[in-house]
Amino acid sequence: MKLFPNNFLWGGAIAANQVEGSYNHDGKGLSTSDMLPSGILSPHQTREERTPGIKDMAIDFYNRYPEDIALFNEMGFNCLRLSIAWSRIFPNGDEESPNEAGLAYYDRIFDELATHNIQPFVTLSHYEMPYSLVENYGGWADRQLIGFFEQYVSTVFERYKDKVKLWLTFNEINMSLHALFTGVGLQEDASEQEIYQAIHHQLVANAKAVKLCHQIIPDARIGNMLLGAINYPFTCNPDDVIAAMHENNKWLFFGDVQTRGKYPGYMIRYFKENGIEIAMENGDLDAIASASVDFISFSYYASGCASADPKQKEVGNIVASVPNPYLKKSQWGWLIDPKGLRILLNFLYDRYQKPLFIVENGLGAIDELDENGEIQDDYRIAYLNDHLVQAREAMLDGVELMGFTTWGPIDLVANSTAEMRKRYGFIYVDRQDDFSGSLERKRKKSFFWYQDVIKTQGASLTVK
């Protein structure tokens, strides 16, 4: 019996700054990601002090994409989520004309995908923007970035309107609250006033991108993307339930604005009680109200707990939360909670009543080659199997789920710490943290497992 419908989108997700390399080739400008050689959890560098990082070459997808796409095709992908590096198209972000070499590169990518019948699913801004926009404008603190983003997205919509029919605006937009330089180009000591002002500009830009997509590519669909950081109450104490509500509202705020088209009451109250006044221009709220996204996409790696007792919280890999005593942790301390995916899917569908898409889910782990030079990553298979089973449970609950793209189908540079040893892929890449390695690609055990899952539409999954 098939667990997933025939029109389900199967694939993987990658990001330009974590796979492409060639950071300064073919007219590309420096991006904010290029200034974080040790990952988003480290201080960023300036242009003058910039040192080489592993992302400068990454896994050389820029040159090796035909080989990698052929491997994705071998697994059976009908969808690949990838991003366009804004600084390949507008190296400084504020030019009047785009960089043709950058546009032509993504033409080649999309054409290669088309030869394998893999649908491109493109993120417009995935944890990077032209660094010059930070140097010269202070990042998203300056509302001029709305116009620069409009120019960028209208350029790529016009260029690729016949090749790309699935789009996302900002990757994990709610991470702007936790990684300020990566999310909105602000310094880490920025005030809440400055942070939410920058986020407002980003939300207006999101709305304008949605409207432009609908105008330029009427048969396309464009969604938002959230980090699905669902929190449970640590206990049934009503104070913990309220604490969980507040923690969830911090990230649901972004989905509410992008989907419902207005600032929610709980956020208006928060602004008032914390002395935050968002400067808006005439038309901002109208733009937001008139451009609801077509679907909701999100990443899901782990759940958390919330408590009214601040002593319960511990610092996680990226976001601090209260540990759940009922769950095991990954090697990087992320709580493994497959049933949380079903809970989140139901929660988001009940809230928004729009199609959902799981665009990131995967297990970062240290993969060791065995005596035969193979990788027996049964831990990754178990993780993904259990999450897919729960995704199907949510569909049986009535949730409309468009697809599932794992993070990442091929080993890539980890975003948080810029390391290769934290591997997610079905495909091993011989690239090490000391910059050594042949870049050879090798199929892991999970490669053949995922191939079978796609081929059988989920019938090969193990239901416990």
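Residues numbered from 1 in each chain as written. Predicted model: local features only at pLDDT ≥ 70, side-chain atom pairs only at ≥ 80, totals over all residues. Heavy atoms only, no water.

Asker: What is the right way to read the overall build of the protein from this model?
Answerer: Secondary structure summary: the protein contains 14 helices and 12 strands in total. In terms of overall size, the protein behaves like a compact globule, its C-alpha atoms giving a radius of gyration of 21 Å where 464 residues would be expected to give roughly 23 Å. Referenced to the eigenvectors of the C-alpha coordinate spread, the extents of the protein come out at roughly 60 × 55 × 45 Å. Partitioning the intrachain contacts of the protein with sequence separation of at least 6 by distance along the chain shows that 76% fall at a separation of at least 24. Charge-centre separation for the protein: the mean point of 43 positive side chains lies 5 Å from the mean point of 62 negative side chains. (Helix = DSSP H or I, 4+ residues; strand = E, 2+ residues; numbered from the N terminus. Rg over C-alpha atoms; globule rule 2.2 N^0.38 Å. Contact = heavy atoms within 4.5 Å. Lys, Arg positive; Asp, Glu negative; His and termini not counted. Charge placed at Lys NZ, Arg CZ, Asp CG, Glu CD.)

Asker: Which parts of the structure should I look at to understand the UniProt feature "active site" (unreviewed entry) in the protein?
Answerer: Cross-referencing UniProt, the feature "active site" (unreviewed entry) maps to E360 in the present numbering. As for its placement among the helices and strands, E360 is situated in strand β9 (residues 356–360). Among residues more than four places away in sequence, those in contact with E360 are A13, R81, H126, N171, E172, M225, F298, S299, Y300, Y301, T405 and W407. A distance of 2.9 Å separates a polar atom in the side chain of E360 from a polar atom in the side chain of R81. (UniProt positions renumbered as here; feature names shortened; annotations may be inferred. Polar contact = N/O pair within 3.5 Å; in protein donor to acceptor, adjacent residues only side chain to side chain.)

Asker: Would you mind going over helix α12 (residues 338–352) with me for this structure?
Answerer: Since the α-helix advances by 3.6 residues per turn, residues separated by three or four positions end up pointing in the same direction. Its 15 residues give α12 an end-to-end C-alpha distance of 22 Å, which sits within 8% of 21 Å, the value for a rise of 1.5 Å per residue. Buried within α12 we find P338, G340, L341, L344, L345, N346, L348, Y349 and Y352. On the buried face of α12, the contacting elements are β6 (231–233), α9 (238–260), β7 (295–299), β9, α13 (378–396) and β10 (401–407). Positive phi appears at Q353, one or two residues downstream of α12, with a value of about 55 degrees. (Expected span 1.5 Å × (residues − 1). Buried < 20%, exposed > 50% of the residue type's maximum accessible area, 1.4 Å probe, protein only.)

Asker: Quick question: what am I supposed to make of the side chain of N324 here?
Answerer: By the secondary structure assignment, N324 is in the loop between β8 (304–306) and α12. Using a relative accessible area of 11% as the deciding quantity, one classes N324 as buried. Polar contacts involving the side chain of N324 include one to the main-chain amide nitrogen of Y326, which spans 2.9 Å. Discounting residues that sit within four places of it in the chain, N324 has contacts with Y232, C305 and L335.

Asker: In this structure, what is going on with the pattern of salt bridges? I would like to understand it.
Answerer: Close approach of charged atoms allows side chains of opposite charge to pair. Enumeration according to the criterion identifies 30 salt bridges in this entry. Put simply, D56 and R50 hold a salt bridge, and the shortest N to O gap is 2.5 Å. One salt bridge in this structure joins E419 and R421, with 3.0 Å as the shortest N-O distance. Its relative accessible area of 11% is what places E419 among the buried residues. Here the salt bridges share partners, and the residues they tie into one network are D367, D377, R380, D411, R423 and K444. (Salt bridge = Lys/Arg side-chain N within 4 Å of Asp/Glu carboxyl O.)

Asker: I tried to follow the packing of aromatic side chains on my own but got confused; where do I start?
Answerer: The way to describe two aromatic rings as a pair is by their centre distance and the angle between their planes. Taken as a whole and assessed by the stated rule, the structure comprises 34 aromatic pairs. Seen in terms of ring centroids, W10 and Y450 are 6.3 Å apart; in terms of plane orientation they differ by 75 degrees. Their pairing is edge-to-face. One end of the pair, W10, is in strand β1 (residues 9–13); the other, Y450, is in helix α14 (residues 445–455), and 440 residues separate them in sequence. Between F149 and F170, the ring centres sit 4.8 Å apart and the planes meet at 20 degrees, which makes this aromatic pair stacked. (Phe/Tyr/Trp six-rings, centres within 6.5 Å; stacked < 30°, edge-to-face > 60°.)

Asker: I keep staring at the sheet that holds strand β5 (residues 221–227) and nothing clicks. Help me out?
Answerer: Remark on secondary structure: sheet strands pair via backbone hydrogen bonds, oriented parallel or antiparallel. In space, the 8 strands of this closed barrel follow the order β1-β2-β3-β4-β5-β7-β9-β10, with parallel pairing throughout. Across this sheet, the average inter-strand angle for adjacent strands is 25 degrees, counted without regard to direction. Against the sheet, α14 touches β1 and β10, its axis set at about 155 degrees to β1. (Pairing = 2+ DSSP bridges. Axes fitted to C-alpha atoms, helices over the stretch in contact; angles between N-to-C directions.)

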